[in-house]
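The residues making up each chain are set out below.
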Amino acid sequence: MFNVSFNANAMRLMSLTAAASVSVLLAACGGGTGSAQYSIDSNGNLTSATATTKLANGSTQTTTVSSTPSTTAGSTTTTTTTGTTTTTSPTTTCTTTTTSPTTSTAPTTTTGTTTGTTTTSPTTSTTTPTTAPATSTTTTAAMPYGQTGTNWTMTFSDEFTGTALNAARWNDTIWYESSNSTKNYAVSNGSLKIWPQRDATGKFFNRTIDTDGKYYQTYGYFEIEAKLPIGKGTWPAFWLFNHIGTRRPEIDIMEAYAGGGPASGWSDANFHPTAYAPTVWIDASRLAGTKTILTSDLSAAFHKYAVKWEANKQTFYFDGREVFSLAVTMPDTMYIMLDLWYGSASGQPDSTTPTGSGNSYEINYVRAWKAS
């Protein structure tokens, strides 16, 4: 779903017609993040608009809105606004058409044409009020997938819409190592990709992407949408962690193993991951609990992995469905970690392990919220 909010100063120039129509753009046919462009005539009425939105399920949504010429009687202007939304995914197409007459009070003076660009941002909204023409910015924030009954405020989001990892948010190595100069990650086409690769010495090496020193949180809801790699030895994970003196509190939201074949219960004969484990460690030497979640092939499609971390409870979700919970007190602030490591139950990679970006741990987004 969408939470749509408008900056009051910037929106003063827009009529009720424009505001209602842009809401149609942002709310139609699902939820996600994206951008909209609209034009308003000198009476403050919307004349046309279009939007492209990336939905939470990975689909792409395109919406258009147009208005008929206004008719004015006295100080009242009536405009009919029609909106059409088309959502395209690998399996479904959703089209919604909305027609609504809207009445607004005509302005007493005409200042020309006002245009604006509406940009989705999960954490910030910046608007510069000016005389016409003016620019308005609208903030929309996706909510935790499948969650109801709690008000959430987004505190962190990376949708990976750029062309490089945002160094203001992320490190590309864990704190006790230096960054391997062999590049085995990239941000492209709306996702972060981390893939198995050999470095200059010919060895497979771990890659960690984390927010250590840059973003921390205590309690909240943490979620990614990701597709996992295949191959002997691969060990992708999404977790919350901190190194506090000698203590190591840890919440593993997703750890998947691709080793041992069917007998291990973690992967099929071709080392496709078919299970993962949420786990909580009070400290490096004190395991609070873990559970193996049997799934279909996690490399075949994107899935959502999440945890709701409360003061005395951790609840884990797979595609919005609760799969495990623990009643453990975990009061330490933690940071976010994404990694592709090797070993543990996966064993060691070898010549059969596919390398290169075509076999990536691919993350569409990382999001975090706090209850409000």
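Residues numbered from 1 in each chain as written. Predicted model: local features only at pLDDT ≥ 70, side-chain atom pairs only at ≥ 80, totals over all residues. Heavy atoms only, no water.

### Some remarks on the overall build of the protein
Part 1: Counting its secondary structure elements, the protein contains two helices and 25 strands.
Part 2: By the burial criterion, 50% of the 372 residues in the protein qualify as buried.
Part 3: When contacts within the protein are restricted to residue pairs at least 6 apart in sequence, those whose partners lie at least 24 apart make up 63%.
Part 4: Of the accessible surface of the protein, which amounts to about 16000 Å², a share of 52% is contributed by carbon and sulfur atoms. (Helix = DSSP H or I, 4+ residues; strand = E, 2+ residues; numbered from the N terminus. Buried < 20%, exposed > 50% of the residue type's maximum accessible area, 1.4 Å probe, protein only. Contact = heavy atoms within 4.5 Å. Areas by Shrake-Rupley, 256 points an atom, 1.4 Å probe, with all protein chains shown as cover.)

### Points about the side chain of asparagine 242
Part 1: Among the structural elements, asparagine 242 can be located in the loop between strand 15 (234–241) and strand 16 (250–255).
Part 2: Judged by its relative accessible area of 8%, asparagine 242 is buried.
Part 3: Within polar-contact distance, the side chain of asparagine 242 engages the backbone oxygen of threonine 333 at 2.9 Å.
Part 4: Discounting residues that sit within four places of it in the chain, asparagine 242 has contacts with Tyr216, Arg247, Arg248, Pro249, Thr333, Met334 and Tyr335. (Polar contact = N/O pair within 3.5 Å; in protein donor to acceptor, adjacent residues only side chain to side chain.)

### Details of the environment of glutamate 159
Part 1: As for its placement among the helices and strands, glutamate 159 is situated in the loop between strand 10 (152–158) and strand 11 (185–188).
Part 2: On a C-alpha basis, the gap between glutamate 159 and leucine 192 in space is 8.7 Å, while along the polypeptide they are 33 residues apart.
Part 3: At 2.9 Å, the side chain of glutamate 159 and the side chain of arginine 367 are in polar contact.

### Digging into the sheet that holds strand 24 (residues 335–342)
Part 1: Within the open sheet, the six strands sit side by side as 13-24-15-16-18-19. Their pairing is antiparallel. One side of each edge strand has no neighbouring strand; the edge strands of this open sheet are strand 13 (207–210) and strand 19 (286–290). Geometrically, the sheet is characterised by an average inter-axis angle of 20 degrees between neighbouring strands, direction not taken into account. (Pairing = 2+ DSSP bridges. Axes fitted to C-alpha atoms, helices over the stretch in contact; angles between N-to-C directions.)

### Comments concerning the side chain of serine 360
Part 1: Mapped onto the elements, serine 360 comes out in the loop between strand 24 and strand 25 (361–371).
Part 2: There is a polar contact of 2.7 Å between the side chain of serine 360 and the backbone oxygen of serine 357.
Part 3: Excluding residues within four positions of it along the chain, serine 360 makes contact with Lys193, Ile194, Trp195, Lys227, Leu228 and Pro229.

### Concerning the pattern of salt bridges
Part 1: With the rule as written, the count across this model stands at five salt bridges.
Part 2: For aspartate 172, the salt bridge is made with arginine 207, and the minimal N-O distance between the two is 3.7 Å. Of the two residues, aspartate 172 is situated in the loop between strand 10 and strand 11 and arginine 207 in strand 13; the sequence distance between them amounts to 35 residues.
Part 3: We classify arginine 207 as buried; its relative accessible area is 1%. (Salt bridge = Lys/Arg side-chain N within 4 Å of Asp/Glu carboxyl O.)

### Re the packing of aromatic side chains
Part 1: Tallying each qualifying case throughout the model produces 22 aromatic pairs.
Part 2: Seen from their ring centres, tyrosine 305 and phenylalanine 318 are 5.6 Å apart, and the 55 degrees between their planes marks the pair as tilted. Placement of tyrosine 305 in strand 21 (residues 303–310) and of phenylalanine 318 in strand 22 (residues 313–318) is noted, with a sequence separation of 13 residues between them. The same class applies to tyrosine 305 and to phenylalanine 318, which are both buried.
Part 3: Aromatic ring contacts, followed pair by pair, group Trp175, Tyr176, Tyr216, Trp235, Trp239, Phe241, Tyr257, Trp266, Tyr335 and Trp341 into a single cluster.
Part 4: The lysine or arginine in question, arginine 169, covers the ring of phenylalanine 156, its NZ or CZ lying 5.5 Å from the ring centre.
Part 5: The ring of tyrosine 365 has arginine 367 sitting right over it, with the charged end atom 3.6 Å from the ring centre. (Phe/Tyr/Trp six-rings, centres within 6.5 Å; stacked < 30°, edge-to-face > 60°. Lys NZ or Arg CZ within 6 Å of the ring centre and 35° of its normal.)

### A closer look at the confidence of the model for the protein
Interpretation of the predicted coordinates at a detailed level should be avoided for regions scoring low in pLDDT.
Part 1: Scored by pLDDT, the protein has a mean of 76; 62% of the residues are at 70 or more.
Part 2: Here residues 1–32 is a poorly scored stretch, pLDDT under 50, and it has 92 contacts once near neighbours within four places are set aside; other chains count.
Part 3: Across residues 75–82, confidence stays below pLDDT 50; counting only partners more than four residues off in sequence or on other chains, it has 46 contacts. (pLDDT = per-residue confidence, 0-100.)

### Description of the environment of isoleucine 209
Part 1: Structurally, isoleucine 209 is set in strand 13.
Part 2: Apart from the residues within four sequence positions on either side, isoleucine 209 is in contact with Leu165, Trp170, Asn171, Asp172, Tyr185, Leu192, Ile194, Ile336, Met337 and Leu338.

### Structural notes on unusual backbone geometry
Part 1: One non-glycine residue, asparagine 189, lies in positive phi territory at about 50 degrees.
Part 2: Tracing the sequence through the fold places asparagine 189 in the loop between strand 11 and strand 12 (191–194).
Part 3: Non-glycine residue phenylalanine 271 carries a positive phi angle of around 65 degrees.
Part 4: Tracing the backbone through its elements, the reader meets phenylalanine 271 in the loop between strand 16 and strand 17 (275–276).

### Some words on the pairing of strand 18 (residues 279–283)
Part 1: Relative to strand 18, strand 16 runs antiparallel, the two sharing three bridges. In the sheet register, aspartate 252 faces strand 18, and the bridge partner there is threonine 279.
Part 2: By the bridge criterion, four bridges tie strand 18 to strand 19 in an arrangement that is antiparallel. Across the sheet, residue aspartate 283 finds its bridge partner in strand 19, namely arginine 286.

### Re the pairing of strand 10
Part 1: Taking burial as the measure, the seven residues of strand 10 include five buried ones, the bulk of the element.
Part 2: As paired strands, strand 10 and strand 25 are joined by six bridges and run antiparallel to one another. Residue pairing across strands places phenylalanine 156 opposite alanine 368, the latter belonging to strand 25.

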